[in-house]
Amino acid sequence: MSGSSYTYEEPAEKNRSYLQEALNELTKKGLYRQLRRIESAASHRVIMEGREMLMFASNNYLGLANDPRLIRAACQAIEKYGTGSSGSRLTTGNTILHEQLEERLAHFKGTESAIVFNTGYMANIAALTSLVGEGDVIFSDALNHASIIDGCRLSRAQTVIYRHSDILDLEEKLKASSHFRRRLIVTDGVFSMDGNIAPLPDIVSLTERYKAFVMVDDAHATGVLGSSGRGTADHFGLKDKISVQLGTLSKALGAEGGYIAGKKELIDFLLNRARPFIFSTALSPGVMASALEALNIVENEPERRKRLHHSSLYVRQELSRMGFRVLDGETPILAVLIGEAETAVAFSKKLETNGIFAPAIRPPTVPAGSSRIRITVMSTHTDEDIKELIESFGIVGKEMGVINNGRSMV
Ligand SMILES: *Cc1c(COP(=O)(O)O)cnc(C)c1O
């Protein structure tokens, strides 16, 4: 350390205990989080901490994350191009695979162009921080994903939260916004903790009346919703009306990364201005190749999507019939309301003893008093798997007094 007088000092005792105090506080409230370890492929049956578990919590909706074709595509790309991309896209990291994937995504989404980001999280930060700024206003659904919330905070635009999926509230707020330069409405396409679909047709008609533009985050809809799996805009037949269509490669597509699809000038603007795109190493070639293969399968094997919807609907109906309070929805995300955080955690632990993994979702992820078990269904779950899930819910629900003779007790 050439003559420097710098020495490392332990943080003051006071600071250290502040961290421990915060952790103790979380533990006391039942909100302390710990990692769980998976020791097998990301399938619908996994080995978790030495035990086989039926997985009902994965975003791998179509079972593609461990599909042999994606694995082969990734291996071949790694053999040919290596494991890392070695630079950001604008320096040395742009390969033919990145360009092929972007072209393919634009084609899939029916837009002029598309751009890939390293994660869905980064895609949200990228869009929100570069498309709006000081003097602009963002209208954001109260239940939007954390990466949208963080993007709003970083954007320096004024952020106005509207009540979840509440069009009247959104319109009230739009009416009071005429002094802003640009108005952006941002919403999840499918809400990740509730499993409902955003009321896009109503939102689109408001944008026309109030000169706003819309951004939709289709993390949970890509590959899942719409007749061809193209997402929420496709589900409602609105693709030309959504200016910024964001999604992930990391959920139903079984790979990694995020994307934005839209007009050519939007994509060109993001390439030039979005800091998460400019200042981060490009995704690796293997990931790009597996995402490309996933798009082939999504387009050529609609039966996966059909099975996914059929199974989701069946689980929804059966749990409701047994007396569980399942939030309304039509997606593979099912929120089964339990109430208090401790009860939800105990419920999830009991499911685990029955070999079912479906976690409790508690504050701050969801509002206090609405702790829940969140189930996600996969197209690869067999009829037997589904039966096992429903039976276990029945046993645990009765044992814990959550249901009684087909009635909800919560
Ligand atoms: C998962 C998710 C993201 C983040 O995507 P990653 O690729 O996991 O970073 C963004 N938005 C929503 C709605 C999500 O569910």
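Residues numbered from 1 in each chain as written. Predicted model: local features only at pLDDT ≥ 70, side-chain atom pairs only at ≥ 80, totals over all residues. Heavy atoms only, no water.

**Observations concerning the overall build of the chain**
Heads up, the condition is: The helix and strand labels rest on DSSP assignments: H or I over at least four residues marks a helix, E over at least two residues marks a strand, and numbering proceeds from the N terminus. For every residue, the accessible area obtained with a 1.4 Å probe (protein chains only) is divided by the maximum for its type, and the residue is called buried under 20%, exposed over 50%, and partly exposed between those limits. Whether two residues touch is decided by their heavy atoms; if any such pair falls within 4.5 Å, the residues are in contact. Reported accessibility uses the Shrake-Rupley method at a 1.4 Å probe radius. Residues are deemed covered only where the shown protein chains occlude them. Only four residue types enter the tally: Lys and Arg on the positive side, Asp and Glu on the negative side, with His and both chain ends excluded. We put the charge of a Lys on NZ, of an Arg on CZ, of an Asp on CG and of a Glu on CD.
The helix and strand tally for the chain stands at 14 helices and 15 strands. Structurally, the chain occupies a C-alpha span of about 65 × 60 × 55 Å along its principal axes. Going through the 410 residues of the chain one by one, you find that 52% of them count as buried. Considering only intrachain contacts with a sequence separation of at least 6, the fraction spanning at least 24 residues in the chain is 69%. Accessible surface for the chain amounts to roughly 19700 Å². Of this, 51% is attributable to carbon and sulfur atoms. Distance between charge centres in the chain, computed from 48 positive and 49 negative side chains, equals 2 Å.

**Topic: a nonpolar patch on the surface**
Here is the rule we go by: Excluding any residue in a salt bridge, patches collect residues exceeding 30% relative accessible area, merging like charges within 9 Å and nonpolar Val, Leu, Ile, Met, Phe, Trp and Tyr side chains within 5 Å. Take a side-chain nitrogen of Lys or Arg and a carboxyl oxygen of Asp or Glu: if they are within 4 Å of each other, that pair is a salt bridge.
Where nonpolar side chains cluster on the molecular surface, the patch consists of Leu23, Leu26 and Tyr32 and spans about 240 Å² of accessible area. Topologically, leucine 26 is positioned in helix 1 (residues 13-28). Accessibility expressed as a relative area gives 35% for leucine 26, which makes it partly exposed.

**With respect to the packing of helix 4 (residues 120-131) against helix 9 (residues 264-273)**
What counts, and what does not: Note on method: axes are straight lines fitted to C-alpha atoms, helices fitted across the in-contact stretch only, with angles between N-to-C directions ranging 0 to 180 degrees. Each angle is binned into one of four classes, with values under 35 degrees roughly parallel, values over 145 roughly antiparallel, values of 65 to 115 roughly perpendicular, and all other values oblique. When residue character is reported, Ala, Val, Leu, Ile, Met, Phe, Trp, Tyr, Cys and Pro are called nonpolar, Asp, Glu, Lys and Arg charged, and the others, Gly included, polar.
One way to put it is that helix 4 packs onto helix 9 with a least axis distance of 10 Å and a crossing angle of 95 degrees. Taken together, the axes of helix 4 and helix 9 lie roughly perpendicular to each other. Between helix 4 and helix 9, the residues in contact are Ala126, Ala127, Ser130 and Leu131 and Leu266, Phe269, Leu270 and Arg273, respectively. Split by residue class, the contact of helix 4 with helix 9 holds six nonpolar, one polar and one charged.

**Considering the packing of aromatic side chains**
Filter applied, for reference: Two aromatic rings, drawn from Phe, Tyr or Trp (for Trp, its six-membered ring), form a pair once their centres lie within 6.5 Å of each other, and the interplanar angle then sorts them: stacked below 30 degrees, edge-to-face above 60, tilted otherwise.
By the definition in use, this model includes four aromatic pairs. The interplanar angle of 85 degrees and the centroid separation of 6.1 Å between the aromatic rings of phenylalanine 324 and phenylalanine 347 together place this pair among those described as edge-to-face. Highlighted residues: phenylalanine 324 in the loop between helix 12 (302-322) and strand 10 (333-339) and phenylalanine 347 in helix 13 (residues 341-353), separated in sequence by 23 residues. For phenylalanine 324, a relative accessible area of 5% gives the class buried. With centroids separated by 5.4 Å and ring planes inclined at 50 degrees, the aromatic side chains of phenylalanine 347 and phenylalanine 393 adopt a geometry described as tilted. Placement of the pair is phenylalanine 347 in helix 13 and phenylalanine 393 in helix 14 (residues 383-399), with a sequence separation of 46 residues. Phenylalanine 393 shares its class with phenylalanine 347; the two are buried.

**Quick look at the side chain of threonine 248**
Worth spelling out the cut-off: Any N or O atom pair separated by 3.5 Å or less is treated as a polar contact, with the protein-specific requirement of one donor-capable and one acceptor-capable atom, and with residues adjacent in sequence counted only for side-chain atom pairs.
You can see threonine 248 is positioned in strand 8 (residues 244-248). By relative accessible area, threonine 248 is classed as buried at 6%. A polar contact of 3.3 Å, which involves the side chain of threonine 248, links it to the backbone oxygen of alanine 219. In contact with threonine 248, not counting residues within four places along its chain, are Gly120, Ala219, Thr222, Leu253, Gly257, Gly258 and Tyr259.

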